[in-house]
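# Chain and residue survey
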Amino acid sequence: FNQKVFEMSATPRRTMRPRAEISYKEPGQLKLSMLEADKDNDSDDAFEGSTKGKASQHKRKHSDVLSQSSPAPSQRRKTDKTGRLLFETSENSLFGIIATKASAIPMAVKEWWEQYDRDRATAVCKLTNMVLEAAGFKERFPASAFGSDDDMDVDDYLRQLVETCASGEAETSINCFTGNSKSHKKVQSQFSDFWDKFVYHAPESELRSMHENPFCPWLHAMSTSQLKILRLASTIVGLEIMNAIVGRANDTLDAMNNLERLYEAAKSKKETQKLARLEEQLEAKRSIRGDAEKALSSFFNSIVIHRHRDAAHEIRARCISSIGKVIIDYKSKFLENSFLKYIGWALYDKHADVRLAALECIDSFYSNGLENELEMFTERFRDRILEMRLDVTKQVAIQAIETLKTMATKELLKNDGPELVYSLITEADVDIRSAAADFIEASYISHDLELAFESASRVSDKGAKEDQK
């Protein structure tokens, strides 16, 4: 590892985190109360709930740019068991299928790709407006915005959406990303499944150029919007696509390994024709893998690099979790210091959710046996993880103890490290004491029992050999 990568400040540089990256500046036309302010609390979503009352008090200034979806006769109102409205969808829309017809998602994805072959503009319009609907907006981008003869830029349409929301004219419904109810989690899971199927069913040519899809400029622009919920929705989409591409890249890597074994077998038997065919197939798979990695780099640089410093802690936490996931799932590319540093920086984040996500990632690294590859990372951040056993947030402190337990089983703690955790057995909080007891059991009792068992086995083997003599 390059030592310079880990030379960083002991405190997070929050002042360098951009609030939102947009290409326009018209502060006089925006109301700060309707936009994302740099506040980390559980109720900083400015668009949860409906603003229908305000819509009747204003004239629509931008009706020529943004269109409001007309109520369809087949509109569904999804509710939980108590009958409380969760979100309103049209069952014929893509998001309506995601929210209400999980079994139809694969067919919907296949139909979208077929439509994309026939009419790209219409297909991209449908996909982009689906993201708006999932975020709770009833505004829609017009189909003309996706035509080649349109004079307006992507940022111009997003600016109109921001101004419409700031003036109170936009109508919104409850989005599916911020709820914790069983129904919300179900829809969130189905939304994730849609993008996994989206990449899985993509034609090979489209997979290789996924980052050049006409949908991507809209996705990247929405991920830098001043509207927090739109940034959250588009960031989730980008992360899900990235994770799905990792899956396809791993499938390609497995196919390459199988072909290489067949190639070696054919080489030993001197089967000339079969060798030529296998070599051609191997070269094609290498090309696909290379293009997939280019797409991964593009999504990482356009989404993760910017959003891991977002003003909203939910977005930062999701980015950190996604980085940890791709590091484990695609080690050949992402298990490098240039990606690990984001996990280390997140340990100093001011919000507990982000620190918790970073600790969970580190725990999973060691649980998956990556301690040898993380030697420099461990040296740099071991003391910080030890400090976090005393974190002000109990859940973060417990996860820090769990991570230290995993590190202790890998013998990654210094001599005084275990004693610092042992002292927590006298804490007043029962959960902290329980976590400390688990640490002692794993790092001390189980370790000594294992050593005793190994010693007893050696004595038994020695006695058996002497008896044979």
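As a starting point, this report considers the structure included with it.

Parameters and conventions
Residues numbered from 1 in each chain as written. Predicted model: local features only at pLDDT ≥ 70, side-chain atom pairs only at ≥ 80, totals over all residues. Heavy atoms only, no water. Helix = DSSP H or I, 4+ residues; strand = E, 2+ residues; numbered from the N terminus. Buried < 20%, exposed > 50% of the residue type's maximum accessible area, 1.4 Å probe, protein only. Areas by Shrake-Rupley, 256 points an atom, 1.4 Å probe, with all protein chains shown as cover. Phe/Tyr/Trp six-rings, centres within 6.5 Å; stacked < 30°, edge-to-face > 60°. Lys NZ or Arg CZ within 6 Å of the ring centre and 35° of its normal. Axes fitted to C-alpha atoms, helices over the stretch in contact; angles between N-to-C directions. Parallel < 35°, antiparallel > 145°, perpendicular 65-115°, else oblique. Left-handed = near helix turned anticlockwise from the far one by under 90°. Contact = heavy atoms within 4.5 Å. Nonpolar A, V, L, I, M, F, W, Y, C, P; charged D, E, K, R; others polar. Salt bridge = Lys/Arg side-chain N within 4 Å of Asp/Glu carboxyl O. Core = buried A, V, L, I, M, F, W, Y, C linked by side-chain atoms within 4.5 Å. Expected span 1.5 Å × (residues − 1). Bend = angle between axes of the 7 residues up to and from the residue.

### A closer look at the overall build of the protein
- Within the protein, the secondary structure is distributed over 18 helices and four strands.
- Relative to its 469 residues, the protein shows a buried fraction of 49%.
- Here the protein has roughly 23,100 Å² of accessible surface; of this, 48% comes from carbon and sulfur atoms.

### Examining the packing of aromatic side chains
- Enumeration over the complete set of coordinates arrives at 23 aromatic pairs.
- Between the aromatic rings of Y157 and W218, the centroid separation amounts to 5.9 Å while the plane-to-plane angle is 40°, which identifies the pairing as tilted. Of this pair, Y157 sits in helix α5 (residues 154-166) while W218 sits in helix α8 (residues 215-222), placing them 61 residues apart in sequence. For the residue pair Y157 and W218, the accessibility class agrees, reading buried in each case.
- Between W195 and F198, the ring centres sit 5.2 Å apart and the planes meet at 70°, which makes this aromatic pair edge-to-face. Of this pair, W195 and F198 both sit in helix α6 (residues 182-200), three residues apart, roughly one helical turn. In this pair, the class of W195 matches that of F198, namely buried.
- One aromatic cluster is present, formed by W112, W113, Y116, F177, F191, F194, W195, F198 and F215 through successive ring pairs.
- For the cation-ring pair, K333 lies above F334, with the distance from its terminal atom to the ring centre recorded as 5.9 Å.

### Description of the packing of helix α14 (residues 352-367) against helix α16 (residues 394-409)
- Here α14 crosses α16 at 15°, and the two axes come no closer than 9 Å. It follows that α14 is roughly parallel to α16 by the angle criterion. Considering only the axes of α14 and α16, their crossing is left-handed. Where α14 abuts α16, its residues A352, R355, L356, L359, E360, I362, D363, Y366 and S367 lie against Q395, V396, Q399, A400, E402, T403, T406 and M407.
- In terms of residue class, the contact of α14 with α16 is made up of eight nonpolar, five polar and four charged.

### A word on the pattern of salt bridges
- Under the defined criterion, the tally for this structure stands at 18 salt bridges.
- For D156, the salt bridge identified is with R159, shortest N-O distance 3.1 Å. Here R159 and D156 lie together in helix α5, a separation of three residues that amounts to about one turn.
- A relative accessible area of 22% means that R159 is categorised as partly exposed.
- In this structure, the salt-bridge partner of R208 is D291, at a minimum N-O distance of 2.6 Å. In this pair, R208 is assigned in helix α7 (residues 204-208) and D291 in helix α10 (residues 272-307), connecting sequence segments 83 residues apart.
- Salt bridges linked by common partners bring R231, R307 and D310 together as one network.

### A look at the nonpolar core
- Among the nonpolar cores identified, the biggest contains 119 residues, and F191, W195, M210, I241 and I343 are the most heavily contacted of them.
- Examining the composition of this core, we find that 13 residues originate from one element, helix α9 (residues 228-269), more than from any other.
- Sequence-distant contacts of F191, that is, excluding residues within four places in its chain, are made with F95, I98, M130, A134, F177, I236 and V237.

### A short note on α14
- When the terminal C-alpha atoms of α14 are compared, their 22 Å separation across 16 residues agrees well with the 22 Å that a helix rising 1.5 Å per residue should span.
- Among the 16 residues that make up α14, 12 are buried, leaving the element largely enclosed by the rest of the structure.
- Taken as a whole, α14 has its buried residues at A352, V354, R355, L356, A357, A358, L359, C361, I362, D363, F365 and Y366.
- With its phi angle positive at about 75°, G369 sits one or two positions after the end of α14.

### Focus: helix α15 (residues 375-387)
- End to end, α15 covers 19 Å across 13 residues, agreeing with the expected 18 Å (1.5 Å per residue, within 8%).
- The sharpest bend along α15 measures roughly 50° and falls at F381.
- When we look at burial in α15, the residues that qualify are F377, T378, F381, R382, R384, I385 and L386.
- On its buried side, α15 packs onto α13 (337-346), α14, α16 and α17 (417-422).

### Quick look at unusual backbone geometry
- Despite not being glycine, E411 has its phi angle at roughly 60°, a positive value.
- Take E411: it is sitting in the loop between α16 and α17.

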